[in-house]
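# Results of the structural survey
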Amino acid sequence: MPTREEMIFSEIKNNPGIRFRELMKKVGITNGVMSYYLRKLEQSESVWIERTPRVTRFYSSDLSEDEANLVKRLRQETPKKILVALVENEQLTFQELVAKICKSPSTTSFYLSQLVKENIISTSKSDFIKVYFNVERKRIANLIEEYHPDIIEQASDNLSDIISSL
């Protein structure tokens, strides 16, 4: 049977970007015990921790910050919908994205601007219309396949075909 430390590390490795409370719930360990083992894992450099004012996320050390940022966005509902839509379609206009992800224009705009600022997606003008596209479509598709296979199952057959062809 795996040790608590191994169970925690395995959960972080399989769910990069997992939050503290979610990790506690999945592993079934109390707050203090979890903190102790996470500190040990961080000191041994097996995991690294992203601390922000409201959220703490955990990643295995073999995941780059760049990949961690993509995975973090794939854990958030609206950015995930945007990224999946842009993997399924090479490029989309703002209105097409709003329709595809079923979110308000203001919510869509907010997350699009974050994704553009982080260089995850980019924009260009086509016939005077701004279009959005994934900067690294293949990489995003691979991360979806590796860490979020549930997205592929829930999405259209088109997404599955695209990911296997990239």
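Scroll up for the structure.
Predicted, not measured: the structure shown is a model, and the values here were computed from it. (Residues numbered from 1 in each chain as written. Predicted model: local features only at pLDDT ≥ 70, side-chain atom pairs only at ≥ 80, totals over all residues. Heavy atoms only, no water.)

## Looking at the pairing of strand β6 (residues 129-134)
Across two bridges, the pairing between strand β4 (residues 92-93) and β6 is antiparallel. Along β6, the bridge assignment pairs Thr 93 with Val 131. Relative to β6, strand β5 (residues 121-126) runs antiparallel, the two sharing six bridges. Residue pairing for β6: Ser 122 is matched across the bridge by Phe 133. In this structure, the hairpin formed by β5 and β6 is closed by a connection of two residues, where Asp 127 is found at a positive phi of approximately 55°. (Pairing = 2+ DSSP bridges. Helix = DSSP H or I, 4+ residues; strand = E, 2+ residues; numbered from the N terminus.)

## As for the sheet that holds strand β2 (residues 47-51)
Read across the open sheet, the three strands follow the order β1-β3-β2; overall the sheet is antiparallel. Bordering the open sheet on either side are β1 (18-19) and β2, each of which pairs with just one other strand. As defined by bridge partners, β2 adjoins strand β3 (residues 56-60) across five bridges and the pair is classed as antiparallel. Residue pairing for β3: Ile 49 is matched across the bridge by Phe 58. Sheet strands in contact with helix α1 (residues 4-14) are β1, β2 and β3, and its direction is about 95° off that of β3. (Contact = heavy atoms within 4.5 Å. Axes fitted to C-alpha atoms, helices over the stretch in contact; angles between N-to-C directions.)

## Examining the nonpolar core
Side chains of nonpolar character tend, in soluble globular proteins, to be buried together. Counting residues in hydrophobic clusters, the biggest one holds 25 residues, and the most contacted among them are Ile 82, Leu 86, Leu 97, Ile 120, Ile 121 and Ile 140. Of all the elements in the fold, those that place two or more residues in this core are α4 (65-74), α5 (77-88), α6 (94-101), α7 (105-117) and α8 (137-147). Contact partners of Ile 140, with chain neighbours within four places excluded, come to Leu 70, Leu 83, Val 87, Ile 120 and Asn 134. Listed in part, the 15 residues of the second largest apolar core include Ile 8, Ile 12, Met 24 and Leu 41. (Core = buried A, V, L, I, M, F, W, Y, C linked by side-chain atoms within 4.5 Å. Buried < 20%, exposed > 50% of the residue type's maximum accessible area, 1.4 Å probe, protein only.)

## A word on the pattern of salt bridges
Opposite charge on two side chains makes pairing possible when the charged atoms of those side chains draw close. Under the definition given, this model contains 12 salt bridges. The salt bridge partner of Lys 103 is Glu 77, with a shortest N-O separation of 3.3 Å. Within this pair, whereas Lys 103 is found in the loop between α6 and α7, its partner Glu 77 is found in helix α5, the two being separated by 26 residues in sequence. On the basis of relative accessibility, which here comes to 45%, the residue Glu 77 falls in the partly exposed class. Counted as one network, the salt bridges with shared partners bring together Asp 66, Glu 136 and Arg 139. (Salt bridge = Lys/Arg side-chain N within 4 Å of Asp/Glu carboxyl O.)

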